[in-house]
Amino acid sequence: MLRLAPLTFKRSMITAQAVVYQNHGPPKDVLFTQKFTIDDDNLSADQIVVKTIASPVNPSDINQIQGVYPSKPEKTLQFGTKEPAAPCGNEGLFEVLKVGSNVKNFQPGDWVIPAQVNFGTWRTHALATEDDFIKLKKGLTVNQGATISVNPPTAYLMLTHYVKLTPAKDWYVQNGGTSAVGRYASQIGKLLGFNSISVVRDQHESTSTIGELEELGATKVITEKQNLDREVSAQLKQQVKDTQGQVKLALNCVGGASSQGIARKLDRDGLMLTYGGMSMKPVTIPTSLFIFKNITTAGFWVTELLKNDPELKVKVLDQIQDWYVDGKLKDYPSKVLNVGQDKLEDLHKTYLEGTEGSGGKYLVEYK
């Protein structure tokens, strides 16, 4: 009697790709695509398998690769490299594929984002625990979900976490009015009832740009040249007086003369938060503002603030999601780079397009 050998089945695992680096340097010199596998049939009780929907390319991502950003991902062997390698990307949107037996708050199909930075979002799939993710509400677009962790919370927290502004009366002033954070601040300030002065670069003096920012929520839009003009400052001072309020807060992402201009518009005991330095020039504040107006200046880094207060992060994200779903908040548009199956073997090349591109924020979307 002929005996047949027992059938054996080769279990298939998820083949994933991640963009990683082993040494710091220019992205074009150090990034590469690393293939790795995920055993999705043998999950621990608290584990989750996700696939990437989209992940943006942020300036901080590039700075991490270059080695000049204070917060960096740890290098690891988990991706199967011979030498330790670090994954790229801090923001990203994922869809849950499978969950472990003890996972109660997530289920397949949910959209999630990393709970902390340095997760490594420039990849096709990830295996982590439920503590590593925050579930998003239904009704968001891909761009809203993928870019919700940095710019919107930065604007919201700067406007609400440090200074109490009285709605309909008080003001804040900001430079970088056309930036992503600037546009979010204009909208959120309007939603909260705050008056605002937004400073834009002189080349953005066009009626269309000013009208767009005013429609978003800016009370008054001026150029950098006007920011340093004493006559314009006097007119603004009268406008603030008309609301019976004060300019209590300044948001600085430029530095140099621009930061002086917005600091001078602060009333007594005002605060200036610096969250960027696009001019690459130092923040220099006249001594008289410290002595006679008692202003305070401080730095703002959303990563550090929310790392130490995860409950605050969830609260802020809930509010932003509600505004998105209700149509009250517009997301900052991204330039989309699509990734299909034919590009996965060289995934890093797509992200390199984003690091080398200009004219806006790039979002890598998986199709």
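Bear in mind the structure is a predicted one, so any value in this text is a computation, not a measurement.

> It is not clear to me how the environment of Thr219 should be interpreted in this structure. Could you clarify?
Topologically, Thr219 is positioned in the loop between helix 6 (207–216) and strand 11 (220–223). When its relative accessible area of 30% is taken as the criterion, Thr219 is described as partly exposed. In this structure, the C-alpha to C-alpha distance between Thr219 and Ser279, residues 60 residues apart in sequence, is 25 Å. If sequence neighbours within four positions are ignored, Thr219 has contacts with Trp171, Phe194, Asn195, Ser196 and Gln239. Within the structure, Thr219 has its side chain in polar contact with the backbone nitrogen of Ser196 (distance 2.9 Å).

> Help me out: how do you make sense of the pattern of salt bridges in this one?
Proximity of charged atoms lets side chains of opposite charge pair with each other. Enumeration according to the criterion identifies twelve salt bridges in this entry. What you see here is one network of salt bridges that share partners, running through Asp40, Asp41 and Lys98.

> What should I look at first to understand a nonpolar patch on the surface in this one?
On the surface, a cluster of nonpolar side chains totalling about 340 Å² of accessible area is made up of Phe290, Ile291 and Phe292. Residue position: Ile291 is located in helix 10 (residues 287–292). Note on Ile291: relative accessible area 54%, which makes it exposed.

> Looking at this structure, how should I read the packing of aromatic side chains?
Pairs of aromatic rings are described using the distance from one ring centre to the other and the angle between the two planes. All told, the structure shown has eight aromatic pairs when counted by the stated rule. Where Tyr162 meets Phe300, the ring centres are 6.0 Å apart and the plane angle is 85°; that geometry is what we call edge-to-face. Here Phe300 lies in the loop between strand 14 (296–299) and helix 11 (302–307) and Tyr162 lies in the loop between helix 4 (151–160) and strand 9 (171–174), a separation of 138 residues in the sequence. When the ring centre of Phe119 is taken as reference, the NZ or CZ atom of Arg123 above it lies at 5.1 Å.

> What exactly am I supposed to notice about the sheet that holds strand 10 (residues 195–200) here?
Across the sheet, six strands lie side by side as 11-10-9-12-13-14; this open sheet has parallel pairing. The sheet terminates laterally at strand 11 and strand 14, the two strands that pair on one side only. On average, each strand axis in the sheet is inclined to that of its neighbour by 20°, with strand direction left out of account. Strands strand 9, strand 10, strand 11 and strand 12 (247–252) of the sheet are contacted by helix 8 (residues 230–242), whose axis makes an angle of about 170° with strand 11.

> Even after reading the chapter, I still don't get the environment of Asp61, so can you show me in this structure?
Tracing the chain through its elements places Asp61 in helix 2 (residues 59–66). For the pair Asp61 and Asn143, spaced 82 residues apart in the sequence, the C-alpha separation amounts to 17 Å. Beyond its immediate sequence surroundings of up to four residues, Asp61 is in contact with Pro56, Gly89, Asn90 and Trp122. There is a polar contact of 2.9 Å between the side chain of Asp61 and the side chain of Asn90.

> In this structure, what is going on with the side chain of His348? I would like to understand it.
Residue position: His348 is located in helix 13 (residues 347–356). Residue classification places His348 among the buried residues on the basis of a relative accessible area of 13%. Looking at His348, its side chain comes within polar contact range of the side chain of Thr33, at 2.7 Å. Those residues in contact with His348 that lie beyond four places of it in its chain are Val19, Leu31, Phe32 and Thr33.

> I tried to follow helix 13 on my own but got confused; where do I start?
With seven of ten residues buried, helix 13 is to be regarded as a mostly interior element. Residues of helix 13 that are buried: Leu347, His348, Thr350, Tyr351, Leu352, Gly354 and Thr355.

Cut-offs used in this document
Residues numbered from 1 in each chain as written. Predicted model: local features only at pLDDT ≥ 70, side-chain atom pairs only at ≥ 80, totals over all residues. Heavy atoms only, no water. Helix = DSSP H or I, 4+ residues; strand = E, 2+ residues; numbered from the N terminus. Buried < 20%, exposed > 50% of the residue type's maximum accessible area, 1.4 Å probe, protein only. Contact = heavy atoms within 4.5 Å. Polar contact = N/O pair within 3.5 Å; in protein donor to acceptor, adjacent residues only side chain to side chain. Salt bridge = Lys/Arg side-chain N within 4 Å of Asp/Glu carboxyl O. Patch = residues over 30% accessible without salt bridge, like charges linked within 9 Å, V, L, I, M, F, W, Y side chains within 5 Å. Areas by Shrake-Rupley, 256 points an atom, 1.4 Å probe, with all protein chains shown as cover. Phe/Tyr/Trp six-rings, centres within 6.5 Å; stacked < 30°, edge-to-face > 60°. Lys NZ or Arg CZ within 6 Å of the ring centre and 35° of its normal. Pairing = 2+ DSSP bridges. Axes fitted to C-alpha atoms, helices over the stretch in contact; angles between N-to-C directions.

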